[in-house]
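Chain by chain, the residues run as shown.
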Amino acid sequence: MGERSWVERDAAVVWHGFTQMAAYAGNRPLIVHAAEGRELVDVEGRRYLDAISSLWVTTLGHRVPELDAALRAQLDKVAHTTLLGNGATVVVELAEALAAVVPVREPHFLFASDGAAAVEQALKIAFQHWTNRGVRGRDRYLAFGGAYHGDTVGALSLGDGGFGTDVFDPLRFPVVRAAGLDEPDGPAAAVRLIAEQADRLAAVVIEPLCQGAAGMRVHPPEALRAVADACRDHGVLLVADEVATGFGRTGTLFAVEQAGVQPDLMCLGKGLTGGYLPMSVTVASGPVFDAFLGEDLSERTLYHGHSYGGNALAAAVALRHLQLLGEWDVLANVRARADQLGARLATDVSPLPAVADVRRCGLMTGVELAPPAGGLRWGRRVCAAAVERGVLLRPLGDVVVVMPMLTTTAAEIDRIVDVVVAAIGEVCG
Ligand SMILES: *Cc1c(COP(=O)(O)O)cnc(C)c1O
């Protein structure tokens, strides 16, 4: 028996998310062995520019010496202890550092591990907050067309379907569904719905400025502002899901800043640890948090918590990451590279006949292809052609997602656009 390849060994035992395993091995997956900066190195030693930031999580790069050092230093103290009823110094330090920058009033931080869990926590907090205040009947959430908030059942219920998740429709709880804010009448319709349904709504849940998984559907800050104003006017909590947009990806540390909005609850994940370790957090404003205060063991308590919430290793790397974003003035680079990317897309990609639309918010970019017929798998094939050229891309349907790291260089932006143009030329004729 010959030696089996890594792909064969992988396909025999690993079940990959959002992946048809019968086709997995045939789609020439990258088996990463190591990484350096913004490049991945596969088992054959080939290098790939990680132009999707490892599914939108990596911010500064892989194997950043400062982050590695923070992690190693924490290992010499403690890797993990529980946050249920007890504390840890590094988590206090992280929460203090986050408190200084999150656009939430008197913030309090409930840590978890995945973005979806941060969303679940926000849903339960919003609901129980009303119950604790003696308000009944607010057991619905308003979510938007195209929404994606994660894959657990509650988060899935907020989501607008697609991605093959329709099979779970019987499990989804009902939500009030507003049109996407990028639709012509979207903002006005959402404001009307919030006014009409206010008595039923625990919260409005929004991906501010950019719906990532919907294929980078973007709306202007004014639309977000209008929704936030309606929430305030009608006493509905606003939950900002910044799992994708948080930590600089849109050009500001948090997307809501661009609209001058302060949500009642905020969900953070993905970039929180710079892409190193799974950590997420639900941020609650002072007034929301206060609604849970009461007698020890009373029903006002939030009876929710995850085993690894507030993991010390993740907290140490998240803390150092937050410092580096400031020390390196990373946001200035994001804005410069985003402008460059926008200009190059406008001249080189938007005019292509195979391209239906180009959408971008900071460095979050979607190039929507216009296949002349169904079943051509243009998105998949264009990304495969890019991978052949050493640039790792992964599509959402027929939207080619480009999500460079926040430290990306001008040369890398040019290379990514050149490769996208070449890949579209090869696949789409
Ligand atoms: C990725 C994402 C989530 C889910 O985060 P996971 O860590 O994958 O569970 C939630 N909301 C938004 C907006 C996301 O982009």
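Only a predicted model underlies this, so the values are computations on that prediction, with no experimental measurement involved.

1. Digging into the nonpolar core
In this structure, Leu-142, Phe-144, Val-204, Val-227, Phe-247, Leu-393 and Ile-424 are the most contacted members of the largest nonpolar core, which totals 108 residues. The greatest single-element share of this core, amounting to eleven residues, is contributed by helix H11 (residues 312-327). Composition of this core by domain shows at least three residues from each of domain 1 (31-60 + 329-428) and domain 2 (67-327). With residues up to four places along the chain from it excluded, the contact list for Val-204 reads Leu-142, Phe-144, Ile-194, Val-227, Cys-231, Val-236, Leu-237, Leu-238 and Val-239. Of all hydrophobic cores here, the second largest spans 25 residues; its members include Leu-123, Val-205, Ala-291 and Phe-292.

2. Section: the domain arrangement of the chain
When its domains are assigned, the chain resolves into domain 1 (31-60 + 329-428) and domain 2 (67-327). Every contact between the two is made by 27 residues of domain 1 and, on the other side, 28 residues of domain 2. Contact between domain 1 and domain 2 buries roughly 2100 Å² in total, counting both sides, with carbon and sulfur atoms accounting for 68%. Looking only at domain 1, the three residues that lose the most surface to domain 2 are Trp-56, Cys-361 and Met-364, adding up to 28% of its buried area. Where domain 1 packs against domain 2, one counts 14 residue pairs in polar contact (both at pLDDT 80 or more).

3. Quick look at unusual backbone geometry
Outside of glycine, negative phi angles account for most residues, and trans bonds account for most peptide bonds. For Glu-106, which is not glycine, the phi dihedral falls at a positive 40 degrees. Secondary-structure assignment places Glu-106 in the loop between helix H5 (89-99) and strand E4 (108-112). Residue Glu-106 is classed as partly exposed on the basis of its relative accessible area of 49%. Located in the positive-phi region is Leu-209, a residue other than glycine, with phi close to 70 degrees. Among the secondary structure elements, Leu-209 is positioned in the loop between strand E7 (201-206) and strand E8 (210-211).

4. Comments concerning the site of the ligand
Taken together, Trp-56, Asp-114, Gly-115, Ala-116, Tyr-148, His-149, Gly-150, Glu-207, Asp-241, Val-243, Ala-244 and Lys-270 form the complete shell of residues around the ligand. At 2.7 Å, a side-chain N or O of Asp-241 approaches a nitrogen atom of the ligand. Side-chain polar atom of Lys-270 to an oxygen atom of the ligand: 2.6 Å apart, as the coordinates give it. Against a free-state accessible area of 380 Å², the protein chains account for coverage of 82% of the ligand. Partitioning the shell around the ligand into residue classes produces five nonpolar, three polar and four charged.

5. Examining the packing of aromatic side chains
This model, assessed by the stated rule, comprises three aromatic pairs. Ring geometry for Phe-109 versus Phe-111: centroids 6.4 Å apart, planes at 20 degrees, classification stacked. Relative accessible area serves as the criterion here: at 6%, Phe-111 is assigned to the buried category. Seen in terms of ring centroids, Tyr-141 and Phe-173 are 6.2 Å apart; in terms of plane orientation they differ by 40 degrees. Their pairing is tilted. One end of the pair, Tyr-141, is in strand E5 (residues 140-144); the other, Phe-173, is in the loop between helix H7 (153-158) and strand E6 (176-178), with 32 residues separating them in the sequence. With relative accessibility at 7%, the residue Tyr-141 sits in the buried group. Classification of Phe-173 as partly exposed rests on a relative accessible area of 31%. The side chain of Arg-138 reaches across the aromatic face of Trp-130, ending 4.1 Å from its centre.

6. Re the pairing of strand E3 (residues 47-50)
The pairing of strand E2 (residues 39-42) with E3 spans three bridges and is classified as antiparallel. Paired with Val-41 across the strands is Arg-47, a residue of E3. Linking two consecutive strands that pair antiparallel, namely E2 and E3, is a turn of four residues; a positive phi of about 90 degrees is found at Gly-45 within it. Taken together, the two bridges between E3 and strand E15 (residues 391-392) define a ladder with parallel strand orientation. Bridging from a neighbouring strand, Leu-49 pairs with Val-391 of E15.

7. Focus on the sheet that holds strand E13 (residues 355-361)
Pairing within the open sheet is antiparallel, and its four strands lie in the order E13-E14-E17-E16. Of all strands in the sheet, those bounded by a partner on one side alone are E13 and strand E16 (394-396). Sheet twist, expressed as the mean angle between neighbouring strand axes with direction ignored, is 25 degrees. Judged from the three bridges that link them, E16 and strand E17 (residues 399-402) form a sheet pairing that is antiparallel. Bridging across to E17, Leu-396 finds its partner in Val-399. Running at roughly 170 degrees to E13, helix H12 (residues 330-349) makes contact with E13 and strand E14 (364-369) of the sheet. On top of the sheet, helix H13 (residues 378-388) reaches E14, E16 and E17; it is set at about 165 degrees to E16, its chief contact.

Rules and cut-offs
- Residues numbered from 1 in each chain as written.
- Predicted model: local features only at pLDDT ≥ 70, side-chain atom pairs only at ≥ 80, totals over all residues.
- Heavy atoms only, no water.
- Core = buried A, V, L, I, M, F, W, Y, C linked by side-chain atoms within 4.5 Å.
- Buried < 20%, exposed > 50% of the residue type's maximum accessible area, 1.4 Å probe, protein only.
- Helix = DSSP H or I, 4+ residues; strand = E, 2+ residues; numbered from the N terminus.
- Domains from an automatic or database assignment.
- Contact = heavy atoms within 4.5 Å.
- Buried area = accessible area lost by both parts, 1.4 Å probe.
- Polar contact = N/O pair within 3.5 Å; in protein donor to acceptor, adjacent residues only side chain to side chain.
- Near = heavy atom within 4 Å.
- Areas by Shrake-Rupley, 256 points an atom, 1.4 Å probe, with all protein chains shown as cover.
- Nonpolar A, V, L, I, M, F, W, Y, C, P; charged D, E, K, R; others polar.
- Phe/Tyr/Trp six-rings, centres within 6.5 Å; stacked < 30°, edge-to-face > 60°.
- Lys NZ or Arg CZ within 6 Å of the ring centre and 35° of its normal.
- Pairing = 2+ DSSP bridges.
- Axes fitted to C-alpha atoms, helices over the stretch in contact; angles between N-to-C directions.

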